[in-house]
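This is what each chain is made of:
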Amino acid sequence: MTPARQTRAQRLAMPLARHVVRDLAAEHGACIRPVQLRRTDLDTGQVEQVLVPCGHTLATVCPACTDRAKTLRAAQCREGWHLEAEPVITPDDPDDEQQMWVERRAQAQQDRDHAAAAEHDTGELDELSGEQITRSGLRGKVLPAGPARRHRSSRRRQDTPDLPRRPVSARTIGKTCAAPDGTIYRPSMFLTLTCDSYGPVHSDGTPADPGTYDYQRAARDALHFAALFDRFIQNLRRFLGYDVQYFATIEPQRRLAPHVHIAIRGTVSRTELRQVLAATYHQVWRPPADLVQFADGELPVWHEASGRYLNPATGEFLPTWDDALDAFGPDAQPLHVARFGSTFDAQGVLAGSKDSARCIGYLTKYLTKHIGACHQAATDAEHAHAERMADALRYEPCSPACANWLRFGIQPKNPRADLRPGQCKGKAHRREYLGYAGRRVLVSRKWSGKTLADHRADRKAWLLRTLGISEADPSRYIWQAVTPGDPDHMPPAQRLLHVLADRQKWHAALAEARARASGQDNGVSLSATGRAA
């Protein structure tokens, strides 16, 4: 029978096949951008095609991988927040091979220093590196690399109150509290810190008077927010006298300024928090960046022979980054001083309570989005506010190597010929980052005694135990990436069909394993989509 003729509108109303496949894969929790790898068994010579998840952390790219990453972060936060005992982090003793490489490195360093003192050629000795030490399984470096770090005076600012300092003990867990009935509690804290005010704002975050709103200070606070947070943790540890542990996430407020949510192990009184916040600041010691010396029409010129930039009017070389720092005198002032706002929110949280689950959900709520996508502009005023913020960040130097330093008459660090002010490729200048280019999740080293890879391995081990599968020896296989030119390469649509089929089988196997573990009937009915009913 010949099908009835359809109009173009009717055909466009029909579901698109590849979209249905993608949506079904996402519904089943499958990665929609799987990576194809070739696995070769060294014992049998068998070659298999394995599709592994892309591991992306943005929901707009891969919802399934993003959900898994979010769940993993929530598990990491939950496991370390209310610990009852100190996490055990004991490094292994070095083996004979590691000690041997360190001894060779020590001898090479001594020979190199003696040759340099005698003004002999040190070329061969300079080529010796610590790569063998790293490959042997040691972490860190035996000798710091790079030029010596510049040190500034540690004298506190006169406009900031002093903060008592106590010796920091190795303790990481909080104190306990006893109830009248004898029950022992070990409360923890959920804390939210914000930036200072830049001017009055409306309820939607837009400034009441854009002309007086301090966009420059807002941009600089965002650029150096991570350093300010580090200074707060340092001051908090020195003030309380123990190694405070934290799990923090960075999000934007509606006014587009960053703020931080912190899960702290143990509690701190609000009076103590006010003292620490009032005494916390971060000074940015960089050359002045308030007076524009070279506008877009008359930018400095690159001099190829010397590898430096010239003043187009005088032909003189611009001062280098090191020259600009050396010009700082004893009365020099920092480019910017970042501070937290005086308002904060602090809540006590008990292990296993509804508040604990709610706070963990709040901590991980926006991790699946870019910072700039957490609050979508809906009105003209919000769009204009976002544009003014982007304009302020466009020419604000983000690092010593930022091209925007040319605008202020300073040659950036590590210069090259293609630098143009306003076109820096740094993440901080991109709209989706709102000036904050650091990590979204900040976790202290002794939070749970595990790395994120350890938490991921725990989840994998649980799944293998549940399915009754033993883990294969990793050294048995060789893994290779499959490129588009390889004969066994699968196009994206074919890969997506494979992961959809695999996911249905995995759901059925997991449901059957759970039924077996609970003593129920082994027969598990499957719905039309392949999920366990």
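All values reported here derive from a predicted model rather than from experimental measurement.

Rules used throughout
- Residues numbered from 1 in each chain as written.
- Predicted model: local features only at pLDDT ≥ 70, side-chain atom pairs only at ≥ 80, totals over all residues.
- Heavy atoms only, no water.
- Buried < 20%, exposed > 50% of the residue type's maximum accessible area, 1.4 Å probe, protein only.
- Helix = DSSP H or I, 4+ residues; strand = E, 2+ residues; numbered from the N terminus.
- Arc of directions from axis to C-beta.
- Contact = heavy atoms within 4.5 Å.
- Patch = residues over 30% accessible without salt bridge, like charges linked within 9 Å, V, L, I, M, F, W, Y side chains within 5 Å.
- Areas by Shrake-Rupley, 256 points an atom, 1.4 Å probe, with all protein chains shown as cover.
- Salt bridge = Lys/Arg side-chain N within 4 Å of Asp/Glu carboxyl O.
- Axes fitted to C-alpha atoms, helices over the stretch in contact; angles between N-to-C directions.
- Parallel < 35°, antiparallel > 145°, perpendicular 65-115°, else oblique.
- Left-handed = near helix turned anticlockwise from the far one by under 90°.
- Nonpolar A, V, L, I, M, F, W, Y, C, P; charged D, E, K, R; others polar.
- Pairing = 2+ DSSP bridges.
- Expected span 1.5 Å × (residues − 1).
- Polar contact = N/O pair within 3.5 Å; in protein donor to acceptor, adjacent residues only side chain to side chain.
- Core = buried A, V, L, I, M, F, W, Y, C linked by side-chain atoms within 4.5 Å.

Caption draft 1: Region of the structure containing helix α9 (residues 270-278). All of the buried residues along α9 are L273, V276 and L277. One side of α9 holds all its buried residues, which, seen down the axis, span an arc of 100°. Packing partners of the buried residues in α9 comprise β5 (188-195), α8 (225-240) and β12 (340-349).

Caption draft 2: Geometry of a nonpolar patch on the surface. A cluster of nonpolar side chains, contributed by V102, V142 and L143, occupies part of the molecular surface with about 230 Å² of accessible area. Relative accessible area serves as the criterion here: at 48%, V142 is assigned to the partly exposed category.

Caption draft 3: Looking closely at the packing of helix α3 (residues 63-81) against helix α11 (residues 354-363). It is the contact of α3 with α11, at a shortest axis distance of 10 Å, that shows an interaxial angle of 135°. Here α11 runs oblique to α3, going by the angle between their axes. The handedness of the crossing between α3 and α11 comes out as right-handed. Along the contact surface, α3 presents A74, C77, R78 and W81, while α11 presents S356, C359, I360 and L363. A breakdown of the residues in the contact of α3 with α11 according to their chemical character gives six nonpolar, one polar and one charged.

Caption draft 4: Local environment of the pairing of strand β1 (residues 35-41). Within β1, five of the seven residues are buried, which leaves the element mostly enclosed by the surrounding structure. Here β1 pairs with strand β2 (residues 47-52) via six bridges, running antiparallel. Each bridged residue has a counterpart across the sheet, and for V35 the counterpart in β2 is V52. Between β1 and β2, which follow one another and run antiparallel, lie five residues, and G45 among them has a positive phi close to 80°. In terms of strand pairing, β1 meets strand β14 (residues 477-481) through five bridges, oriented antiparallel. If you follow D41 over to β14, its bridge partner there is Y477.

Caption draft 5: Summary view of the packing of helix α13 (residues 452-467) against helix α14 (residues 492-517). Put simply, α13 and α14 touch, their axes get as near as 8 Å, and they point 70° apart. One element, α13, and the other, α14, form an angle in the roughly perpendicular class. Residues W462, L463, T466 and L467 of α13 touch α14, and the partners they reach there are A509, L510, A513, R514 and R516. Its residues assigned to classes, the contact of α13 with α14 comprises six nonpolar, one polar and two charged.

Caption draft 6: Fine view of helix α4 (residues 96-117). Between the first and last C-alpha of α4 there are 32 Å, a value that for 22 residues agrees with the 32 Å anticipated at 1.5 Å per step. Taken together, the buried positions of α4 are occupied by Q98, R105, A108 and A115. Seen along its axis, α4 keeps its buried residues to an arc of 115°; they face one direction. For α4, the exposed residues lying more than 90 degrees away from the buried face are D96, E103, H114 and A117. Regarding α4, its N-cap is D95, as a side-chain oxygen of that residue lies 3.3 Å from the backbone nitrogen of E97 further along.

Caption draft 7: How the structure looks around the sheet that holds strand β7 (residues 258-264). Pairing within the open sheet is antiparallel, and its five strands lie in the order β12-β5-β7-β6-β13. Strands with a single pairing partner mark the edges of an open sheet, and in this sheet they are β12 and β13 (441-443). Between one strand axis and the next, the sheet turns by 15° as a mean value, whatever way the strands run. The sheet contact formed by β5 and β7 spans six bridges and is antiparallel. Across the sheet, T192 pairs through a bridge with H261, a residue of β7. The strands touched by α9 within the sheet are β5 and β12, with β12 carrying the most contacts at an inclination of about 150°.

Caption draft 8: Up close: the environment of H82. Among the structural elements, H82 can be located in the loop between α3 and α4. Residue class for H82 comes out buried when judged on its relative accessible area of 15%. C-alpha separation for the pair H82 and G352, spaced 270 residues apart in sequence, amounts to 8.9 Å. Residue contacts for H82: discarding those within four places in its chain leaves S188, V349, L350, A351 and S356. Within the structure, the side chain of H82 is placed 3.3 Å from the side chain of S188, a separation counted as a polar contact.

Caption draft 9: Molecular detail of the sheet that holds β2. Taking strand neighbours across the sheet as the criterion, the three strands line up as β2-β1-β14 in an open arrangement whose pairing is antiparallel. Unpaired on one side and paired on the other, β2 and β14 mark the two borders of the sheet. Strand-to-strand twist across the sheet, computed as the mean angle between neighbouring axes with direction ignored, equals 30°.

Caption draft 10: Looking closely at the nonpolar core. Within the largest apolar cluster, 56 residues are counted, with the highest numbers of intra-cluster contacts made by L191, L193, F232, V260 and I262. Sort the elements by how many residues they give to this core and α8 lands first, with eight residues. If near-sequence neighbours (up to four positions away) are discounted, L193 is found in contact with F232, H259, V260, I262, L277, F340 and F344.

Caption draft 11: Spatial organisation of the pattern of salt bridges. As enumerated under the stated definition, the model contains 24 salt bridges in all. Across the pair R217 and D214 runs a salt bridge whose closest N-O atoms are separated by 3.4 Å. Residue D290 is joined to R220 by a salt bridge in which the shortest nitrogen-to-oxygen separation is 2.9 Å. Of this pair, D290 sits in the loop between β8 (282-284) and β9 (301-303) while R220 sits in helix α7 (residues 215-223); the two residues are 70 residues apart in sequence, bridging distant segments of the chain. Judged by its relative accessible area of 51%, D290 falls in the exposed class. Judged by relative accessible area, which is 5%, R220 ranks as buried.

Nothing here speaks to function; it is all geometry.
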